[in-house]
Amino acid sequence: MILPTWLLLLSGTALADYYNPPISDGYGNWSAAYEKARHFVCQLTLTEKVNFTTGVGTGQTVGYSNSIIPRIGFRGLAGDDGPTGVRGADYTSALASGMNLAMTWDRQLIYEQNYINGAEHKAKGANSVAAPVVGPLGHAPAGGRNFEGFSPDPYLSGIAFGEAVRGTQDAGAIAEGKHYLLYEQEHFREIVEWNVWLAEEPNITDPYSSNVDDRTLHELYLWPWYDGVKNHMGAVMCSYNQANNTHACESDRLLNQLLKGELGFQGYVSSDDGSQFSGVASALGGMDVTGPGETSPNGISGLGESYWGPNLTLAVLNGSVPEWRLDDMVTRVMASYYYLGQDKDYPELNFASGNFDTYGYEYPEAELGWRKINLHLDVRDNHAETIRKVGSNSAVLLKNSKNTLPLKKPKQIAVIGEDAGPNKYGPNGCSDRACNEGTMAMGWGSGSTNFPYLVDPLSAIQQRALKDRTVVQYVLDNWAKDQIGDVSWQAEVCLTFVSAISGEGYLEVDNNFGDRNNLTAWKDGDAVVKQVAANCSETVVVIHAPGPILMEEWIDLPNVTAVIFAGLPGQESGNGLVDVLYGDVNPSGKLPWSVGRKREDYGTDVLYKANGPVPQLDFSEGLFIDYRYVDKNNIKPRFEFGFGLSYTTFDYHGLRINAVPAVPTASISPSQAMRTTNPSICPHTSLNPSDYTFPTRCTPTRGGDPKLWDVVYRVRTTVTNTGSVAGQEVAQLYLDLGNGTPPRQLRGFQKVMIQPGEHKEVEFELRRRDVSIWDVVKQQWVEVTKLGTDIKVFVGSSSRDVKLRGVIPATGKAPSMISSMVPSSSSRMSSVVPSSRFKVTPTPTH
Ligand code: NOJ
């Protein structure tokens, strides 16, 4: 008899199972990497091992870097930010934001841009990339760093995160997914930052705590991390905040039990700058390296002091931290290094973050190691092409009346609004991009990078308009009412630019402490649009922003004939936009969140006023954020999740649902489970684990239980391009899983290019996880059909524009009983009669 996985795992918990062994089966060569790492680690002395765990401070790069160990000829590792490129370097690309990648809904583009990011880091000699970002997920629409990540929808974020990890690592660099976990706002994330640097009151004594129940954790915030681990993510950065009132970087539950245990994460966990709050507890809680090394800014007294370093040596010597745990930490780092093959011809570090001098100190804080630090290598290759493509393919067309777009050789264009033009201080003129000057193509903070150039919309439009002999006038001052009045009166089409921006909490812009204070356009944007629309019968609004903005003041005005949400598209901003404005690229972006009519429509928000010395963020809404909240509460959003127009139209027909015959998935063998009982990596550090009583419970699973990844249903439909131009459609699949889940949850999407008059078959694969909920009592995923629930299936072009419906029957129900349950119409349903076909094959017991 084959025992279910969970039973095997439970039986293992009686043992002292708190060591994560390498797991290689079926997922590449972690086993070989661990073996090499073990050999490497076992030749190190105690202090050399400690050296590895303790970063050398924000030095030549901004991420985790350890020091060279000359005795064995090891050059040390270096990491650098981040999601939009190699931070602080020269001759590198400035990529589109993670949010824009999500707006493309295009797996290939997400992969490609992250491949570029990995390749540029590698060419500059950085071993790891502090990206991709899936924390914040997007609990509150005003959250300052949401744009670094993808979407508040866990499925979309999970797919994007997985592709981003794959892309980065295929290029050779270690992907350090961040920030783990529940890091959902900037306010109160750091003690010193909030109390001293930014605000005066009230004083907080600890970072905020995000409080969330186990089910919400699994089905929402933890969900995308499964995809990262499944795709071999080599590193994870633990976050500033607390989770259920335990610091994220010392949370046994988050790190040992969930990440390394339930998800089977093989790599290492690094702290963020100042997110470590203890020495022994963080070591036992599952943190493997202290990124910057020092306690600053939240720790004892700052520069030069470390919870680890000499303190970790002491802790090992006095027995507070078992040496095998130290071995495990270093082994994990080196396993990722070997897994990526970085021992073979990996480039030397050849830049210094934020320092363009050719010569300088290798360790600037200590003023040690004067040498050539910067080779000024140009690593951009032809990456601009992909960035431009991400820009055009992510643009979301929200409105297009009177056939305004694409532009048809207009005689005269007016370009209006500061967001259309350059920053008068230059594209890098504001420190870490923390300002709202000129066009917005990037958020501020460590999610930023240096622009090698920034093609602003005005320049790109002028260049393109020349071809048609179009007259172009512009006004870039939002308060120049007279001039705006003049040019908008004369023009045939008025391209009107509005913006908002946000960023990381260590910088403040116009009184916004990372998080946005409101969801409206900055710099009087609403008034600008209204003034233009009062004069110009074809007012096209272009929005550059880090998330949704409210548009109620002008969206219904008849003269506002077109609206494009362009996000934060990076260096090729203007070019990508022009491609869409002129129809060289048919818009295909879809919203990765909802656009509400008012702020309250979202149901969740940033906590702006501390509700105590340790601010408490209770995520009492559970699974219901963004469209899940909107749908549950029958709120009519302005634009729903998944919405986006095209210059063509699409029709859907023929919904076909098939159960996939079960293929037995290998269970974890008892011998594998037993491997958890051997904490000894190096023979000489073998210790009796029962001497240590810290509460960990790790179990060997693979990207979550392997069965979660089995494809259990295939859903197919046919999409036809019914218009006159070629275009890409993002076909979307939503499920209603009952059992207290949101009315609709995204569980599939496919982007397809279709020529006019042609049709394409689209297939969605539903994995077991996609049709399951987390059972908090059983502590496992359970397929809802096994709970007697029929799954309602919705296929369409947005979360509300449902074209076809079907049902996946509960286990044991005959297909004939099901067809009568299929509704024949809905308010926004096409006239196509839905058809469902079931080949109900028994799926494995689990
Ligand atoms: C703090 C940020 O939270 C993190 O994302 C970044 O990687 C580090 N600083 C290094 O810049």
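Parameters at a glance
- Residues numbered from 1 in each chain as written.
- Predicted model: local features only at pLDDT ≥ 70, side-chain atom pairs only at ≥ 80, totals over all residues.
- Heavy atoms only, no water.
- UniProt positions renumbered as here; feature names shortened; annotations may be inferred.
- Near = heavy atom within 4 Å.
- Polar contact = N/O pair within 3.5 Å; in protein donor to acceptor, adjacent residues only side chain to side chain.
- Areas by Shrake-Rupley, 256 points an atom, 1.4 Å probe, with all protein chains shown as cover.
- Nonpolar A, V, L, I, M, F, W, Y, C, P; charged D, E, K, R; others polar.
- Phe/Tyr/Trp six-rings, centres within 6.5 Å; stacked < 30°, edge-to-face > 60°.
- Helix = DSSP H or I, 4+ residues; strand = E, 2+ residues; numbered from the N terminus.
- Buried < 20%, exposed > 50% of the residue type's maximum accessible area, 1.4 Å probe, protein only.
- Lys NZ or Arg CZ within 6 Å of the ring centre and 35° of its normal.
- Patch = residues over 30% accessible without salt bridge, like charges linked within 9 Å, V, L, I, M, F, W, Y side chains within 5 Å.
- Salt bridge = Lys/Arg side-chain N within 4 Å of Asp/Glu carboxyl O.
- Pairing = 2+ DSSP bridges.
- Axes fitted to C-alpha atoms, helices over the stretch in contact; angles between N-to-C directions.
- Contact = heavy atoms within 4.5 Å.

Identification of the chain as beta-glucosidase from Aspergillus sclerotialis is taken from an unreviewed UniProt entry. Turning to the chain, the UniProt record has this under Pathway (unreviewed entry): "Glycan metabolism; cellulose degradation."

Asker: Account for the site of the ligand, with residues named and values stated.
Answerer: The immediate surroundings of the ligand are formed by 14 residues, with Asp81, Arg145, Lys178, His179 and Asp272 found nearest. Between the ligand and Asp273 there is a distance of 3.0 Å, counted from a nitrogen atom to a side-chain nitrogen or oxygen. In isolation the ligand offers 300 Å² of accessible surface; the protein chains occlude 95% of this area. A per-class count over the shell around the ligand returns four nonpolar, two polar and eight charged.

Asker: Residues and numbers for the packing of aromatic side chains, please.
Answerer: If you walk through the whole model with that rule in mind, you get 26 aromatic pairs. The interplanar angle of 70° and the centroid separation of 5.1 Å between the aromatic rings of Phe161 and Trp225 together place this pair among those described as edge-to-face. Of this pair, Phe161 sits in helix H6 (residues 154-170) while Trp225 sits in helix H9 (residues 223-230), and the two are 64 residues apart along the sequence. Aromatic side chains Phe639 and Phe643 sit 5.2 Å apart centroid to centroid with 20° between the ring planes, which places their arrangement in the stacked category. Just as Phe639 is buried, Phe643 falls in that class too. One aromatic cluster is present, built from ring pairs that chain together Trp105, Tyr155, Tyr627, Phe641, Tyr734 and Phe749. Directly above the ring of Phe794 sits Arg744, whose terminal nitrogen or CZ lies 4.4 Å from the centroid.

Asker: Describe a nonpolar patch on the surface, and please don't skip the residues or the numbers.
Answerer: A contiguous nonpolar patch, built from Tyr359, Tyr361 and Trp370 and spanning about 360 Å² of accessible area, is present on the exposed surface. Within the secondary structure, Tyr361 is located in strand S9 (residues 359-363).

Asker: Tell me about the sheet that holds strand S8 (residues 268-271), and name the residues and values.
Answerer: Strand order in this open sheet of five strands is S1-S2-S3-S5-S8, and the pairing throughout is parallel. Single-partner strands in this sheet number two, and they are strand S1 (79-81) and S8. The mean angle between the axes of side-by-side strands here comes to 30°, regardless of whether they run parallel or antiparallel. Pairing of strand S2 (residues 128-130) with strand S3 (residues 174-180), which is carried by two bridges, proceeds in the parallel orientation. Within the sheet, the bridge partner assigned to Ser128 lies in S3 and is Ile174. Sitting on the sheet, helix H5 (residues 107-123) is in contact with S1 and S2, with an inclination near 125° to S2. With respect to the sheet, helix H10 (residues 252-262) is in contact with S3, strand S5 (235-238) and S8, its orientation differing from that of S3 by roughly 135°.

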